[in-house]
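# Structural overview for review
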Amino acid sequence: MFLGTARAQLASTGFPPGERHAIIAFALAEHLDQAAQLAQRHFADSGWGDVALERGAELDPDKLITSDPVAAQSYEDCLAHGTAGIVFSDPLDE
């Protein structure tokens, strides 16, 4: 799991192009650096640019699943598809 930021590049993201948002990225990989590459590609393929993953760590799925339903669903999506992400709706101040 990674915490970071990304900038909307395409209107298909649901956000105005140019807006920067906080993100959470999930990716399945053997090593954290491989997971980071997959997470960046996930957001790039979804219309996001300037993806900056600021913190990454392996996670305890039991804690995640019981703490937040949106995060739990994204984790399940990651298990099914290899990557998933959450974009926080409020844009970040530049």
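Right, let's walk through the structure included here. In this text the structure is predicted, and so the values were computed from the model without any measurement.

Calculation notes
- Residues numbered from 1 in each chain as written.
- Predicted model: local features only at pLDDT ≥ 70, side-chain atom pairs only at ≥ 80, totals over all residues.
- Heavy atoms only, no water.
- Salt bridge = Lys/Arg side-chain N within 4 Å of Asp/Glu carboxyl O.
- Helix = DSSP H or I, 4+ residues; strand = E, 2+ residues; numbered from the N terminus.
- Buried < 20%, exposed > 50% of the residue type's maximum accessible area, 1.4 Å probe, protein only.
- Core = buried A, V, L, I, M, F, W, Y, C linked by side-chain atoms within 4.5 Å.
- Contact = heavy atoms within 4.5 Å.
- Polar contact = N/O pair within 3.5 Å; in protein donor to acceptor, adjacent residues only side chain to side chain.
- Phe/Tyr/Trp six-rings, centres within 6.5 Å; stacked < 30°, edge-to-face > 60°.

## Digging into the pattern of salt bridges
- Going through the model one piece at a time under the given rule, you end up with one salt bridge.
- The closest approach of N and O atoms between D50 and R7, which form a salt bridge, is 3.1 Å. Of this pair, D50 sits in strand β3 (residues 48–56) while R7 sits in strand β1 (residues 2–8), and the two are 43 residues apart along the sequence.
- Relative accessible area serves as the criterion here: at 47%, D50 is assigned to the partly exposed category.

## Considerations on the nonpolar core
- Grouped together as the largest cluster of nonpolar side chains are 13 residues, with contacts concentrated most on F2, F43 and W48.
- Where this core is concerned, the elements lending two or more residues are β1, β2 (20–27), α1 (32–45) and β3.
- With four residues, the top contributor of residues to this core is α1.
- Non-local contacts of F43, meaning those with residues more than four positions away in its chain, are made with I23, I24, A25, W48, V51, G85, I86 and V87.
- If you look at the next biggest cluster of nonpolar residues, it comprises seven residues, including I24, A71, Y75 and C78.

## What to know about the environment of A27
- Tracing the backbone shows A27 in strand β2.
- Since its relative accessible area comes to 16%, A27 is described here as buried.
- Setting aside residues no more than four positions away along its own chain, A27 makes contact with A35, L38, A39, C78, G82 and T83.

## What to know about the side chain of T5
- By secondary structure assignment, the location of T5 is in strand β1.
- A polar atom in the side chain of T5 sits 2.9 Å from the side chain of R20.
- Not counting residues within four places of it along the chain, the set of residues in contact with T5 comprises R20, H21, A22, I23, D50, V51, A52, E54 and L92.

## Points about the environment of G56
- Topologically, G56 is positioned in strand β3.
- For G56, a relative accessible area of 36% gives the class partly exposed.
- Sequence separation between G56 and M1 is 55 residues, and the spatial gap between their C-alpha atoms is 5.6 Å.
- In this view, G56 contacts M1, F2 and L32; residues no more than four positions away in its chain are not counted.

## As for the packing of aromatic side chains
- Overall, the coordinates contain one aromatic pair when judged by the stated rule.
- Summarising the aromatic geometry, the rings of F15 and W48 are spaced 5.7 Å apart at their centres and angled 55° between planes, so their arrangement reads as tilted. Pair noted here: F15 is in the loop between β1 and β2 and W48 is in strand β3, with a separation of 33 residues, a long-range link.
- You can call W48 buried: its relative accessible area is 6%.

Without other data, these values stay purely geometric and don't point to any function.
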